[in-house]
Amino acid sequence: QVQLVESGGGLVQAGGSRRLSCTASGRTFSRYTMGWFRQAPGKEREFVAAVSGFDTYYADSVKGRFTISRDNGKNTVYLQMNSLEHEDTAVYYCATAMTNYYSAQAGQAGRYPYWGQGTQVTVSS
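Residues numbered from 1 in each chain as written. Predicted model: local features only at pLDDT ≥ 70, side-chain atom pairs only at ≥ 80, totals over all residues. Heavy atoms only, no water.

A look at the sheet that holds strand β1 (residues 3–7)
Next, step 1: Strands sit in the order β1-β3-β8-β7 across an open sheet of 4 strands; the sheet is antiparallel. What marks the edges here is a single partner per strand, and that holds for β1 and β7 (66–71). Taking the axes of each pair of neighbouring strands and ignoring which way they run, one obtains an average angle of 15° across the sheet.
Next, step 2: With 6 bridges connecting them, strand β3 (residues 18–25) and strand β8 (residues 76–81) associate as antiparallel partners. Bridge assignment links Leu20 to a residue of β8, and that residue is Leu79. (Pairing = 2+ DSSP bridges. Helix = DSSP H or I, 4+ residues; strand = E, 2+ residues; numbered from the N terminus. Axes fitted to C-alpha atoms, helices over the stretch in contact; angles between N-to-C directions.)

Here we look at the packing of aromatic side chains
Next, step 1: With the rule as written, the count across this model stands at 6 aromatic pairs.
Next, step 2: A centroid spacing of 5.6 Å and a plane angle of 65° characterise the contact between Phe37 and Phe47, whose relative ring orientation is edge-to-face. Of this pair, Phe37 sits in strand β4 (residues 34–39) while Phe47 sits in strand β5 (residues 46–52), placing them 10 residues apart in sequence.
Next, step 3: For Phe47, a relative accessible area of 16% gives the class buried.
Next, step 4: On the numbers, 6.5 Å between centres and 75° between planes, the contact of Tyr93 with Trp115 is edge-to-face. Within this pair, whereas Tyr93 is found in strand β9 (residues 90–96), its partner Trp115 is found in strand β10 (residues 114–115), the two being separated by 22 residues in sequence.
Next, step 5: Pairwise contacts between aromatic rings join Phe37, Phe47, Tyr93, Tyr101, Tyr112 and Trp115 into one cluster.
Next, step 6: Sitting over the ring of Tyr93, Arg45 keeps its end group 3.9 Å from the ring centre. (Phe/Tyr/Trp six-rings, centres within 6.5 Å; stacked < 30°, edge-to-face > 60°. Buried < 20%, exposed > 50% of the residue type's maximum accessible area, 1.4 Å probe, protein only. Lys NZ or Arg CZ within 6 Å of the ring centre and 35° of its normal.)

Laid out in structure tokens, this is it:
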């Protein structure tokens, strides 16, 4: 049984930072793509960031502010979020696939079969 558990969400002031974590269990995903997506109220789920091997990908809206990284020994992926804006308020989900996706494919939610339950990030303005 594959499980992804996110943590680290909460309330943060605009301009602040937050680090999200996502730990996978049930399988070792260290070789495969892991991604972060988010969904704000009334909006569709959107891509945030992904890591495939040594390659990282970011949505334009978070580039330069967010950093994705992974600790393969812990089967964990992180999302360091800096300079947070009110528009970053959303439920953040991690996802993984038993393969590697690159470039545009890494940002396509439909390619990920495994998802966490999500963690709420609220940025107060």
